[in-house]
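Listed here are the chains, written in short residue letters.
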Amino acid sequence: MSGTSAAPGSGPGPASAPSRFAHYFVLCGIDADSGLEPDELAGENFDQSPLRRTFKSKVLAHYPQNIEWNPFDQDAVNMLCMPKGLSFRTQMDNREPQFHSFIITREDGSRTYGFVLTFYEEVTSKQICTAMHTLYQMHNAEHYSSIYASSSCSMDSLISNIDEGDATSLAKLQRYNSYDISRDTLFVSKSICLITPLPFMQACKKFLLQLYKAVSSQQPPPLPLESYIHNILYEVPLPPPGRSLKFYGVYEPVICQRPGPNELPLSDYPLWEIFELLGLENLVQVFTCVLLEMQILLYSQDYQRLMTVAEGITTLLFPFQWQHVYVPILPASLLHFLDAPVPYLMGLQSKEGTDRSKLELPQEASFLSDQPEPYLPFLSHFIETQMFATFVDNKIMSQWEEKDPLLRVFDSRIEKIRLYNVRAPVLRTSIYQKCNTLKEAAQSIEQRLMKMDHCAIHPHLLDMKIGQGKYEQGFFPKLQADVLTTNNNRWVSRSATAQRRKDRLRQHSEHVGLDNDLKEKYIQEARNLGKNLRQPKLSDLSPAVIAQTNWKFVEGLLKECRMKTKRMLVEKMGHEAVELGHGEANITGLEENTLIASLCDLLERIWSHGLQIKQGKSALWSHLVQYQDREECQEHLAESPVSLGPERRKSDSGATLPTLRVSLIQDMRHIQNMSEIKTDVGRARAWIRLSLEKKLLSQHLKQLVSHQPLTKKLYKRYAFLRCEEEREQFLYHLLSLNAVDYFCFTSVFTTIMIPYRSVIIPNKKLSNAIITSNPWICVSGELGDTGVMQIPKNLLEMTFECQNLGKLTTVQIGHDNSGLLAKWLVDCVMVRNEITGHTYKFPCRRWLGKGIDDGSLERILIGELIPSTSEEDLGKQCRTPPQQKSPTIPRRLSITSLTGKINSKPSAGQIQEGIGEAVNNIVKHFHKPEKERGSLTILLCGENGLVAALEQVFHHGFKSARIFHKNVFIWDFIEKAVACFETTDQIEDTEDDVLIQKSSCKTFCHYVNAINTAPRHIGKDGKFQILVCLGTRDHLLPQWIPLLAECPTITRMYEENALLRDHMTVNSLIRILQTIQDFSIVLEGSLVKGVDV
């Protein structure tokens, strides 16, 4: 498409046609050859008088015959031009013309607008007049016979008893609503209609009224009506965005204008009329219903009022768009649409005298019954709607694709607001702000009206056959089809003025016709893909036709799934994904929660597509429940006493974490047991989040849709879930999400009760599996801890339930040292979330007991999440590791191993590299966005954390030989240093440097003494860990390191080549530790519990 107007003198080809102001001119009315055909689908009562009954109308003519990019849907246009069929009147009735508009929404979501003027024309067919007269005779005979049967007096006696004036009134009443061929003139409705791509309601109304005036006037119009119709179909262009247009009707010009790309969308329906019709309170209530995507039925006697209210409400939704069924005028033959179990916005015409209370609605007061509870905010419901999710999707998709037009306007408005509020760009108040764009918009409209941008060609004589199209007052003439179906007029081609105007329009279109060019591109693509597809008709709802046109919608869902999963992977994998070529760095950082909510909405739409009958508000959850019912019924029938295997608990049977069976039904039961979730939509979203976190979403959904009998029962054959190839691709895209770890269930449902299972795995080779003392355990996570829980004697495994702990971070384990067997070598502790299946391993490999190792009765273990694997591999990981393997945490055994032998020591260079890496990891942690940070506890106390790195520094050159067969630990050096500091502290000195040094010494001694006096039975290595954590939190480590390096005790406990005795190494260590001074470090409570500093 290269222009914005049809090229005069040429046929309506693809290059010019999409830019026409009007696509079709349609004439609807009675077919004299067919006669009177009752419209049985309209459901009218045949007890009514024939003048009030509904008869079938037909499309008498439409020009042109067909347009490739907008095929003519004859049935839909006929039903919407005359929604209640033909209407008959006599000379006694009101016969004022009525205007209304309608809208047709096609399968791809595009809209076409229709503007209709209905007037009455005298019936000249004797056959139809006779048929109506016969119907009245039959109706009167039935009516009076029923009266005589129920009354003892006749109509004659009834009339004789009333006075003459009343008799005259009764005679008039009898004549009203009656028809006598001998005395009455019969009129029948006829409609003229314009089909346009944009809702230029006022302009089309003026044009149609001028056509009607030309027909009803005593004087014939200046030109034949074909000239005016040909002009608007082929010679009036569609105004480009931001431009105005003047074209000519029969008697006077018509002006219209189109908003620019950065203005609000075109809305030619008066908003003031909505407030006048509904009132403020009713409008707010209806608008709330629309925002919450309820079923809204508008009810009025006037078709145009229905359209005005519906279009006005959807206009007020900006920047959101109504995503569901939208039928502002529901034809009488399609009343069964009201039973649709989906959100809709429909308009229904009420008959005169109809009692609205008798109208059978699908839901009683749907708004009131679904009103949110008083304490729940409106937004919590609105963000679950499809219009909100689609708005967010469009925002995300705009990173790759062209912005949605509404989103582009919305973003430009937001930018303007930020410019106006430059001093406080993020200021939010509860006070309404003045609209800064109103004056600008009004000026744009006024400027376009004052100065016309385009003026269309005047209507002109056509090459018509003589004798046809003869004017007859009151009758719309039979138009000459040959001059209206093609644009082959030689008069226009000879007009130099018209040619120059055409050239100017073409040049202008090259400048501003971007939207039309893009539209033509998409139209051409659709044309190439769907040459053999016929346009679905509103009345033709057969599965075969829907299946033919459904493929594009299915492809759209699949494309959306592909984009969403890719977007989620890019977001989760971050810059690593960018390096792999998955996207650009500037698209990372969006809320993970928003992306997952968008995925939930997509799954709901996929499961809603092609449903036989929707049950409940969530199609996915309804499918899951029916699948659950069938599976549980089969399990009950096939129930046997054989179980999957006993859960081993006794210590002598070997400590094992029982395998967690993968079960779609079990995951559903977990969701059903969550009392916090009240709705089916909420349950479906929780189930999706749980399956995504367990990396089972694709597997579960594949299992669900593989149940062929149930899928065929619930879905029509054209449904997405029954398109095998697309379904497999969809599941494959979901499978790609298993590449990253999500905690979308754990992090959202923070208040639910979750069952956990823990197992303590002792080292049976060097220790007893059971002890006589009383063991205890405390599990901590990002959201809280369990508190101290006593472990029953002789049991290494226990199950407990507590409020969601979030990601697990630490486990505290200990015992009271009672009994004869009070020394316990714990290899590790395993803890599993029984809902999500996340299993955490807390390595220990240290003794618990007095007089062994460092004498600790309790230890703080740092957890690591075990990657999800197959069930068999998981079972292997849960068992005690083979004894011949080397330990995974060498720092705990670097001084004395379990047998007392010294392990190989790292070099000075490796130790310095480890310190740098540990500090660098902490710095990187704080430079990440807060929601992308991992666990700081692991960076401090984990295998390669800061505590482990500093331990290596203190171990280097440490005189670790046994003194009197007693192990020497770093904490022994710390305590000797404290004793030295406390002794030297008594000497007075007035120098500033010495005072600062003494202050640091006092602080150090205070921290060490607080750790020693804490009411905890922590070993010496555990105390050193607490000291490092507190020093890091309070930014004291750079002060403490030089104190210890200069302490006299160091010469007795360290070799000369020790790192702590090398001044350059100590200064380098101080500089490295100073890089984390500016960060606010918050320690987990379990690390420093009971230590008062």
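Parameters and conventions
- Residues numbered from 1 in each chain as written.
- Predicted model: local features only at pLDDT ≥ 70, side-chain atom pairs only at ≥ 80, totals over all residues.
- Heavy atoms only, no water.
- Helix = DSSP H or I, 4+ residues; strand = E, 2+ residues; numbered from the N terminus.
- Buried < 20%, exposed > 50% of the residue type's maximum accessible area, 1.4 Å probe, protein only.
- Contact = heavy atoms within 4.5 Å.
- Areas by Shrake-Rupley, 256 points an atom, 1.4 Å probe, with all protein chains shown as cover.
- Core = buried A, V, L, I, M, F, W, Y, C linked by side-chain atoms within 4.5 Å.
- pLDDT = per-residue confidence, 0-100.
- Polar contact = N/O pair within 3.5 Å; in protein donor to acceptor, adjacent residues only side chain to side chain.
- Phe/Tyr/Trp six-rings, centres within 6.5 Å; stacked < 30°, edge-to-face > 60°.
- Lys NZ or Arg CZ within 6 Å of the ring centre and 35° of its normal.
- Salt bridge = Lys/Arg side-chain N within 4 Å of Asp/Glu carboxyl O.
- Expected span 1.5 Å × (residues − 1).
- Axes fitted to C-alpha atoms, helices over the stretch in contact; angles between N-to-C directions.
- Parallel < 35°, antiparallel > 145°, perpendicular 65-115°, else oblique.
- Left-handed = near helix turned anticlockwise from the far one by under 90°.
- Nonpolar A, V, L, I, M, F, W, Y, C, P; charged D, E, K, R; others polar.
- Pairing = 2+ DSSP bridges.

Engineer: Just to check I follow, could you spell out the overall build of the protein chain for this structure?
Structural biologist: The secondary structure content of the protein chain amounts to 38 helices and 22 strands. Looking at the 1093 residues of the protein chain, the share that counts as buried comes to 49%. Across the protein chain, contacts joining residues at least 24 apart in sequence account for 75% of those joining residues at least 6 apart. Accessible surface computed for the protein chain: about 54500 Å², of which carbon and sulfur atoms make up 52%.

Engineer: Help me understand the nonpolar core, please; the structure alone is not making it clear to me.
Structural biologist: One recurring pattern in soluble globular proteins is that nonpolar side chains are buried together. In terms of nonpolar packing, the biggest core is built from 102 residues, with Phe21, Phe25, Phe88, Leu208, Leu211, Phe247 and Phe476 touching the most fellow members. Broken down by element, this core gets its largest block of residues, eight residues, from helix 5 (residues 201-216). With residues up to four places along the chain from it excluded, the contact list for Leu211 reads Phe25, Ile192, Leu225, Tyr228, Ile229 and Val250. Ile688, Leu690, Leu808 and Val831 belong to the second-largest nonpolar core, a separate cluster that totals 74 residues.

Engineer: Can you help me understand the confidence of the model for the protein chain in this one?
Structural biologist: Reading predicted coordinates in detail is not appropriate for stretches of low pLDDT. Chain-level statistics for the protein chain give a pLDDT mean of 75 and a share of 71% at 70 or above. In this model residues 1-17 is a low-confidence stretch, pLDDT under 50, and it forms 48 contacts with partners more than four residues away in sequence or in other chains. Counting interchain partners and residues more than four positions distant, the pLDDT-below-50 stretch residues 423-428 has one contact.

Engineer: Which parts of the structure should I look at to understand unusual backbone geometry?
Structural biologist: Glycine aside, residues mostly have negative phi angles, and peptide bonds mostly take the trans form. Residue Pro64 is reached from Tyr63 by a cis peptide bond, and omega for that bond is -10°. In this structure, Lys695 is a non-glycine residue whose phi angle is positive, near 60°. Position of Lys695 relative to the elements: it lies in the loop between helix 24 (680-693) and helix 25 (697-705). Its identity as a non-glycine residue notwithstanding, His1035 has a phi of 55°, on the positive side.

Engineer: What's the story with the environment of Ser1000 in this structure? I'm lost.
Structural biologist: For Ser1000, the location among the structural elements is in helix 33 (residues 992-1012). What makes Ser1000 buried here is its relative accessible area of 7%. Separated by 40 residues in the primary sequence, Ser1000 and Trp1040 have C-alpha atoms spaced 7.0 Å apart. Not counting chain neighbours up to four residues away, the residues in contact with Ser1000 comprise Gln1039, Trp1040 and Leu1043. Of the polar contacts made by the side chain of Ser1000, one reaches the side chain of Gln1039; its length is 3.2 Å.

Engineer: Got a minute to help me understand the packing of aromatic side chains in this structure?
Structural biologist: Two aromatic rings are characterised by how far apart their centres lie and by the angle between their planes. For the structure on display, the rule yields 21 aromatic pairs. Ring geometry for Phe21 versus Phe247: centroids 5.1 Å apart, planes at 50°, classification tilted. Residue Phe21 is located in the segment before strand 1 (24-29), and its partner Phe247 is located in strand 7 (residues 244-248); the two are separated by 226 residues in the primary sequence. Phe247 sits in the buried class, given a relative accessible area of 0%. On the basis of an interplanar angle of 20° and a centroid distance of 6.3 Å, the ring pair of Phe25 and Phe476 is categorised as stacked. Taken as a pair, Phe25 in strand 1 and Phe476 in the loop between strand 12 (454-455) and helix 15 (481-484) lie far apart in primary sequence, 451 residues in all. Across this residue pair, the class does not change: Phe25 and Phe476 are buried. Three or more aromatic residues joined by ring pairs form one cluster here, namely Phe954, Phe958, Phe973, Phe1024 and Tyr1054. Above the ring of Phe187, the side-chain terminus of Arg95 is found at 4.0 Å from the ring centroid. Sitting above the plane of the Tyr251 ring, Lys213 keeps its charged end 5.0 Å from the centroid.

Engineer: Hey, could you run me through the side chain of His956 in this one?
Structural biologist: Position of His956 among the secondary structure elements: in the loop between helix 31 (946-955) and helix 32 (970-984). Relative accessible area serves as the criterion here: at 17%, His956 is assigned to the buried category. In contact with His956, not counting residues within four places along its chain, are Pro906, Ala908, Ile911, Tyr1054, Asn1057, Ala1058 and Leu1059.

Engineer: Help me understand the environment of Lys465, please; the structure alone is not making it clear to me.
Structural biologist: Secondary-structure assignment places Lys465 in the loop between strand 12 and helix 15. Measuring from C-alpha to C-alpha, the distance between Lys465 and Val483 comes to 9.4 Å, with 18 residues separating the pair along the chain. Those residues within four positions of Lys465 in sequence are excluded, and the remaining contacts are Gln480 and Asp482.

Engineer: In this structure, what is going on with the pattern of salt bridges? I would like to understand it.
Structural biologist: A pair can form between side chains of opposite charge whenever their charged atoms are brought close. Scanning the model with the defined rule gives 19 salt bridges in all. A salt bridge links Arg846 to Asp853, with the shortest nitrogen-to-oxygen separation between them at 2.8 Å. Asp853 sits in the partly exposed class, given a relative accessible area of 21%. One salt bridge connects Arg859 with Asp853, and the closest N-O pair in it is separated by 3.5 Å. Taken together, the salt bridges that share partners define one network made up of Arg846, Asp853, Asp854, Arg859 and Asp1021.

Engineer: What is the right way to look at helix 12 (residues 386-397) in this model?
Structural biologist: An α-helical turn contains 3.6 residues, so any two residues separated by three or four positions project in the same direction. For helix 12, with twelve residues, the first-to-last C-alpha span of 16 Å sits near the 16 Å given by 1.5 Å per residue. With nine of twelve residues buried, helix 12 lies mostly within the body of the structure. Among the residues making up helix 12, those that are buried are Gln386, Met387, Ala389, Thr390, Phe391, Val392, Asp393, Ile396 and Met397.

Engineer: Would you mind going over the packing of helix 7 (residues 271-278) against helix 9 (residues 303-316) with me for this structure?
Structural biologist: Two quantities define a packed helix pair, namely the angle between the helix axes and the distance between the axes. Where helix 7 contacts helix 9, the axes come no closer than 9 Å and their chain directions differ by 110°. In terms of their interaxial angle, helix 7 and helix 9 are classed as roughly perpendicular. Considering only the axes of helix 7 and helix 9, their crossing is left-handed. For the pair formed by helix 7 and helix 9, the contact residues are Leu271, Glu273, Ile274, Leu277 and Leu278 on the first element and Arg305, Thr308, Val309, Gly312, Ile313 and Leu316 on the second. Tallied by class, residues from the contact of helix 7 with helix 9 come to seven nonpolar, two polar and two charged.

Engineer: When you look at the sheet that holds strand 7 in this model, what are you seeing that I'm missing?
Structural biologist: Across a sheet, strands are paired by hydrogen bonds formed along the backbone, either parallel or antiparallel in direction. Pairing is mixed in the open sheet, where three strands are placed in the order 8-7-12. Here the strands that pair on one side only, and so sit at the sheet edges, are strand 8 (253-257) and strand 12. Inspection of the sheet shows strand 7 paired to strand 8 by five bridges, in the antiparallel sense. Bridged to Phe247 within strand 8 is Val254. Across the sheet, helix 14 (residues 438-450) is in contact with strand 7 and strand 8; its angle to strand 8 comes to roughly 150°.

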